[in-house]
Amino acid sequence: MNTIPQHVAIIMDGNGRWAKKQGFATRIRGHEIGVEALRRAATGAAELGIQFLTVYAFSEENWQRPKAEVDALMTILMTSLRKELGVLQENGIRLNAIGNLAALPSRARRQLDETMEATKGNQRMVLTLALSYGGRQELLDAVRTIATQAASGQIDPQSISEEHIAKALWTSAMPDPDLLIRTSGEQRISNFMLWQISYAELIFLPVLWPDFSKKDLVEALEEYAQRERRIGKTSEQLKQ
Ligand code: IPE
Ligand code: IPE
Ligand code: MG
C-alpha cells in the first residue's frame, strides 16, 4: 500500500444497536465495548503510519439523550482515559480533544487535561477525541473569533481567507482529514467536521462500532488507496 492517509476521521456509530443485538438490557454495554474497538483502531492506526486519528465520541446533539446514558458515557470517558494511559504511552500516541469541552463535567475535563499533559511528548500519532462536538458550533465559534478581530481593526473583512477560517477552527493544529469512515451503516455526517471534510474520501461500513477490527481499518485504507482524489482536475492531469 503506497497511499497511507495522513489524517483519518471516524464516526464511531452503532454501540446501542450492538448492545441490543447481543441481548444486553441497556445500551451502556455497547459504549463500554466500544472503548475496546477504539483501542484497536488507535493502536492499529499508529502501527499503519497514520499521523492523525480523530474520532467522534460525543456530539453536541448527544446531550439530548436520556440522562442515565449521558452520565454513563461521561463515566466511561473518565475511567477509560485513566485505564488506557499505558496504551497511549506504549504506542507513542498524544491525546488531544476538540469540542465544547467546557460543557463536560469538571472531573472529566480534569482527567482529559491530565491525560493530554501526560502524553504531550508522544510523537507517533495524535488521537483527537471530538467531545460535545458540533461542526456548526465550531464554525459559529470561528465566525465570532474572526468578527471580533475585524471589529477591532485587526483584520480587514475583505482580506478574510480560507486560511483565516481554518486557523480559527478547533482543528487549527491539524491537516484536514483525507479519509472519513462511519460505521453502523448510516450514511450521514451528523454535524462532524463540516468545513474540514470538503475533499475527504468517505467510506461507510455496515459493521457496528464495537465489532470494528484492525482488519476493517486495513480494508478501508485499501479502498482509500484505490480512490482517485482528483480535487477538481481530470484523471489525465493527475497522471501527467
Ligand atoms: C455511537 O453509538 C456512540 C455515541 C453516539 C455516543 P450510538 O450510541 O449512537 O449507537 P446506535 O447508533 O444507537 O446504535
Ligand atoms: C454521531 O452518532 C455522533 C457520534 C458517533 C458520537 P449519532 O448516533 O449521535 O448520530 P445520528 O443521531 O444517528 O445522526
Ligand atoms: Mg448512533
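Computed from a prediction, not measured in an experiment: that's the story for all the values here. (Residues numbered from 1 in each chain as written. Chains lettered and ligands numbered in written order. Predicted model: local features only at pLDDT ≥ 70, side-chain atom pairs only at ≥ 80, totals over all residues. Heavy atoms only, no water.)

1. Topic: the site of ligand 2
Heads up, the rule is: The criterion for a residue being near a molecule or strand is simple. One of its heavy atoms has to lie within 4 Å of it. For the purposes of these results, a polar contact is taken to be a pair of N or O atoms within 3.5 Å, where, inside protein, one atom must be able to donate a hydrogen and its partner to accept one; residues adjacent in sequence count only when each atom of the pair is a side-chain atom. Each accessible area is a Shrake-Rupley estimate made with a 1.4 Å probe; only the visible protein chains count as cover when residues are assessed. The secondary structure listing takes helices from DSSP runs of H or I that are at least 4 residues long and strands from runs of E that are at least 2 residues long, numbered from the N terminus. By the convention adopted, Pro, Cys, Tyr, Trp, Phe, Met, Ile, Leu, Val and Ala count as nonpolar, Lys, Arg, Asp and Glu as charged, and the other residues, Gly among them, as polar.
In the vicinity of ligand 2, the contacting residues are I11, M12, D13, Y56, A57, F58, N62, R65, R182, R188 and S190. Taking R182, its side chain carries an N or O atom lying 3.3 Å from an oxygen atom of ligand 2. R188 is positioned such that a nitrogen or oxygen atom in its side chain is 2.8 Å from an oxygen atom of ligand 2. Relative to its unbound accessible area of 390 Å², ligand 2 is 77% covered by the protein chains. Considering each element in turn, the shell around ligand 2 owes the most residues, three residues, to strand β2 (residues 52-59). Considered class by class, the residues forming the shell around ligand 2 number five nonpolar, two polar and four charged.

2. Considering the side chain of T171
Rules: In this analysis, two residues are considered to be in contact whenever any of their non-hydrogen atoms come within 4.5 Å of each other.
With respect to the element layout, T171 can be found in the loop between α7 (162-168) and β5 (179-182). Contacts of T171, omitting those with residues within four sequence positions, involve I98, E138, M193 and Q196.

3. Concerning the pairing of β5
What counts is decided by this rule: Each residue's exposure class comes from its accessible area (1.4 Å probe, protein chains only) as a fraction of the maximum for that residue type: buried when under 20%, exposed when over 50%, partly exposed otherwise. Here the rule is simple: two strands pair whenever DSSP picks up at least two bridges between them.
Covered by surrounding structure in β5 are L179 and I181 together with L180 and R182, the residues of both alternating faces. The sheet contact formed by strand β1 (residues 7-11) and β5 spans four bridges and is parallel. Residue pairing for β5: A9 is matched across the bridge by L180.

4. What about the pairing of β2?
Among the eight residues of β2, seven are classified as buried, and the element is accordingly described as predominantly covered. In this structure, β1 lies alongside β2, joined through five bridges in parallel fashion. Bridged to V8 within β2 is L53. The sheet contact formed by β2 and strand β4 (residues 125-133) spans seven bridges and is parallel. Paired with F52 across the two strands is V126, which belongs to β4.

5. Details of unusual backbone geometry
The phi dihedral of S184 is positive, around 85°, even though this residue is not glycine. Look at S184 and you get buried, because its relative accessible area is 7%. Phi angles above zero are rare outside glycine, and S190 is one such case at about 50°. Judged by its relative accessible area of 30%, S190 is partly exposed.

6. Section: the confidence of the model for the protein
Basically, it comes down to this: Every residue carries a pLDDT, the predictor's confidence in it, which falls somewhere between 0 and 100.
For the protein, mean pLDDT is 97; residues scoring 70 or higher make up 99% of the total. Per-element confidence in the protein ranges from a low mean pLDDT of 95 for helix α9 (residues 235-239) to a high of 99 for β1.

7. What to know about the environment of I33
Following the sequence through the fold, I33 ends up in helix α2 (residues 28-48). For the pair formed by I33 and N15, sequence separation is 18 residues and the distance between their alpha carbons is 8.0 Å. Residues within four places of I33 in sequence aside, it is in contact with W18 and P210.

8. Looking at α2
Helical geometry note: an α-helix holds 3.6 residues per turn, so side chains three or four residues apart project in the same direction. Which entries qualify depends on this criterion: To estimate the expected span of a helix, count its residues, drop one, and scale the result by 1.5 Å.
Between its first and last C-alpha, α2 extends 30 Å over 21 residues, near the 30 Å set by a 1.5 Å rise per residue. Of the residues flanking the end of α2, it is G49, one or two places downstream, whose phi is positive at about 90°.

9. Section: the layout of surface pockets
Test applied: Definitions used throughout: a 1 Å grid over protein atoms alone; a cavity as a set of points that fits a 1.4 Å probe which cannot get out; a pocket as an open set with protein on both sides within 12 Å along at least five of seven lines; a lining residue as one with an atom within 4 Å of a point. Grid points are joined across faces, edges and corners, and a volume is the space filled by probe spheres set on the points.
Each pocket or cavity is described by its volume, and for the largest pocket that value is around 930 Å³. As for the largest pocket, its lining consists of 41 residues, and the residues nearest its centre are M12, N15, Y56, A57 and F58. For the lining of the largest pocket, the elements supplying multiple residues, two or more each, are α1 (15-21), α2, β2, α3 (67-83), α4 (85-90), β3 (93-98) and β4. With seven residues, the top contributor of residues to the lining of the largest pocket is α2. Partitioned by chemical class, the residues of the lining of the largest pocket number 21 nonpolar, ten polar and ten charged. By volume, the second largest pocket is sized at about 190 Å³. Lining the second largest pocket are R29, E32, I33, V35, E36, R39, I76, T79, S80, K83 and E84.

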